[in-house]
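Breakdown of the fold
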Amino acid sequence: MNTENTMQDKVKEIVKKYKGDKSALVAILQDVQDEYRYLPKEALLTIHEQMDIPMARVYEVATFYDAFSLTPRGRFIIEVCTGTTCHVQGGMNLLDTFERSLRINCGETTEDGLFSVDRVGCLGCCSIAPVVRVNDTIHPQMTQDEIPRVLRTYMAKRYGR
Amino acid sequence: MVKLVIDGKTVQAEEGKILLTVARENGIEIPTLCSHETLENTGACRLCVVEITKGKRKKIVTSCLYAAEDGIVVDTKSDRVLKVRRFVMQFLMARCPTSDVIRDMAANMGIAPETRFKPSEDGKTCIFCRLCVKACEDVVGVSALGFAFRGVDKALGTPYREPSPACIGCGSCAYICPTRQITMSSTENTRSICGKTFKMKACSVCGRYFAPEEQLAFISKKTGVDLEALSVCSSCR
Ligand code: FES
Ligand code: FES
């Protein structure tokens, strides 16, 4: 099947789920982002056509929130907390080590599409600082020494399923 | 009708009328950048600040959003107003030092160019007032323009910075832009704006190129007037 068509169909389905309600644009974009790990241009165009919202508006919303990305994100998103507590506990050093190990800068994705690195504000669990979150898993009291092992675990997961 | 005092002058105004309008109708000047009579005010530039006294309280408000009330005393040039306005102007100067509109306004207020900040490399003079975006959406009805990203990365433009399929080349955005960030250029039979070049239509009577073909097609579709009838320029009609 032609990928363009399937993407269009998928997005149409998502729009339909919200009954084309214009105020649900953010929720729709979230679903699309979950599906493709970014917001493909094709998807935004489909949303614009299906929901009768100007493309300029869709683009405004899509670029406004950090949770959305216009470029493909990694399968594993590493969020290094640099909130006050984690910062004090060395969060920046963790970020640094992740960047160096993966050879990418914060906000970027590795070439194989496996990892993205981001810095975030307080994750709300300061008592176990410094914290790193990978997708939905929290890694408490992280140290730089643990980073290679953590990365290896996720690399293995790719082949796991 | 309500009665209020502006700069020591007692004036009458309809209740709910915007202060800025009342002041201007009474010949009192208030500097503005982001207010335009065809669009609703949004209070983006903050230059139109005035001080109002209501009972015992004094406060600074944006006159383009404040509705006239009975018994208030408005001062458009008090020391506090001038201080705030200078402050706002300094920010605008720091943001768009290359804009001649802003520079002239600042010079009029005796504000020297700010040397602490480097002008942005792309020479952008956008103050994010959104007038162009609103004109394109509310007045023209095409919505080709918008803002993208946010914070220091926020920028005005068409989606993906590509020529917009929605744009009809009417030039409203360039016309309404208070700082002339959006520019339009033309040759005899083309017009370029927002990264898109339009073919101009020649008047079927005098042969003068007078409007983008896409704009005429849009008007014809919107109003139901025959395209032929629209192919005559305004001076030959
Ligand atoms: S600062 Fe990192 S969890 Fe609070
Ligand atoms: S004119 Fe009132 S804020 Fe710009």
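What counts and what doesn't
Residues numbered from 1 in each chain as written. Chains lettered and ligands numbered in written order. Predicted model: local features only at pLDDT ≥ 70, side-chain atom pairs only at ≥ 80, totals over all residues. Heavy atoms only, no water. Helix = DSSP H or I, 4+ residues; strand = E, 2+ residues; numbered from the N terminus. Contact = heavy atoms within 4.5 Å. Areas by Shrake-Rupley, 256 points an atom, 1.4 Å probe, with all protein chains shown as cover. Lys, Arg positive; Asp, Glu negative; His and termini not counted. Charge placed at Lys NZ, Arg CZ, Asp CG, Glu CD. Buried < 20%, exposed > 50% of the residue type's maximum accessible area, 1.4 Å probe, protein only. Arc of directions from axis to C-beta. Polar contact = N/O pair within 3.5 Å; in protein donor to acceptor, adjacent residues only side chain to side chain. Buried area = accessible area lost by both parts, 1.4 Å probe. Salt bridge = Lys/Arg side-chain N within 4 Å of Asp/Glu carboxyl O. Nonpolar A, V, L, I, M, F, W, Y, C, P; charged D, E, K, R; others polar. Domains from an automatic or database assignment. 1 Å grid on protein atoms, 1.4 Å probe; cavity = no way out; pocket = protein on both sides within 12 Å on 5 of 7 lines; lining within 4 Å. Points joined across faces, edges and corners; volume = space filled by probe spheres on them.

We now examine the overall build of chain A. Across its full length, chain A carries seven helices and four strands. Taken from N to C terminus, the helices and strands of chain A fall in the order α-α-α-α-β-α-α-β-β-β-α. The long-range share in chain A, meaning contacts at least 24 apart out of those at least 6 apart in sequence, stands at 61%. Working note: accessible area of chain A is about 9000 Å², and carbon and sulfur atoms make up 48% of it. Taken as two groups, the 20 positive and 22 negative side-chain charges of chain A have centres that lie 4 Å from each other.

Attention now goes to helix H3 (residues 100–108) of chain B. All names here are of chain B. By the burial criterion, the buried members of H3 are Val-101, Ile-102 and Ala-106. Each buried residue of H3 sits inside an arc of 130° when the element is viewed along its axis, so together they form one side. Set apart from the buried face of H3 by more than 90 degrees, the exposed residues are Ala-107 and Asn-108. Here the buried face of H3 lies against helix H2 (79–95). Looking at where H3 begins, the residue whose side-chain oxygen comes 3.3 Å from the main-chain nitrogen of Val-101 is Ser-99. Remark: Gly-110 follows H3 within two positions and exhibits a positive phi of approximately 75°.

Now for the interface of chain B and chain A. Opposite the 14 residues of chain B that make contact, chain A presents 15 residues. Summed over both partners, the interface of chain B with chain A buries about 1200 Å², with 54% contributed by carbon and sulfur atoms. Looking only at chain B, the three residues that lose the most surface to chain A are B:Phe149, B:Arg150 and B:Tyr160, adding up to 51% of its buried area. Between the two partners, chain B and chain A, sit four salt bridges. With its nearest N and O atoms 2.4 Å apart, the salt bridge here joins A:Arg57 to B:Glu137. Between chain B and chain A we count eight residue pairs in polar contact (both at pLDDT 80 or more) in total. Those elements giving two or more residues to the side of chain B that touches chain A turn out to be helix H4 (131–140) and strand S6 (146–148) of chain B. At three residues, S6(B) tops the list of elements feeding residues into the side of chain B that touches chain A. Tallied by class, the residues present in the side of chain B that touches chain A amount to eight nonpolar, two polar and four charged.

By the assigned domains, chain A splits into domain 1 (3–64) and domain 2 (76–158). For domain 1 of chain A and domain 2 of chain A, the distance between their C-alpha centroids amounts to 29 Å.

A few words on the layout of surface pockets. Residue and element names in this part refer to chain A. Size it by volume and the largest pocket reaches roughly 1000 Å³. If you go around the largest pocket, you meet 33 residues; those closest to its centre are Asp-66, Ala-67, Phe-68, Arg-73 and Asp-118. A class-by-class count of the residues in the lining of the largest pocket yields 11 nonpolar, nine polar and 13 charged.

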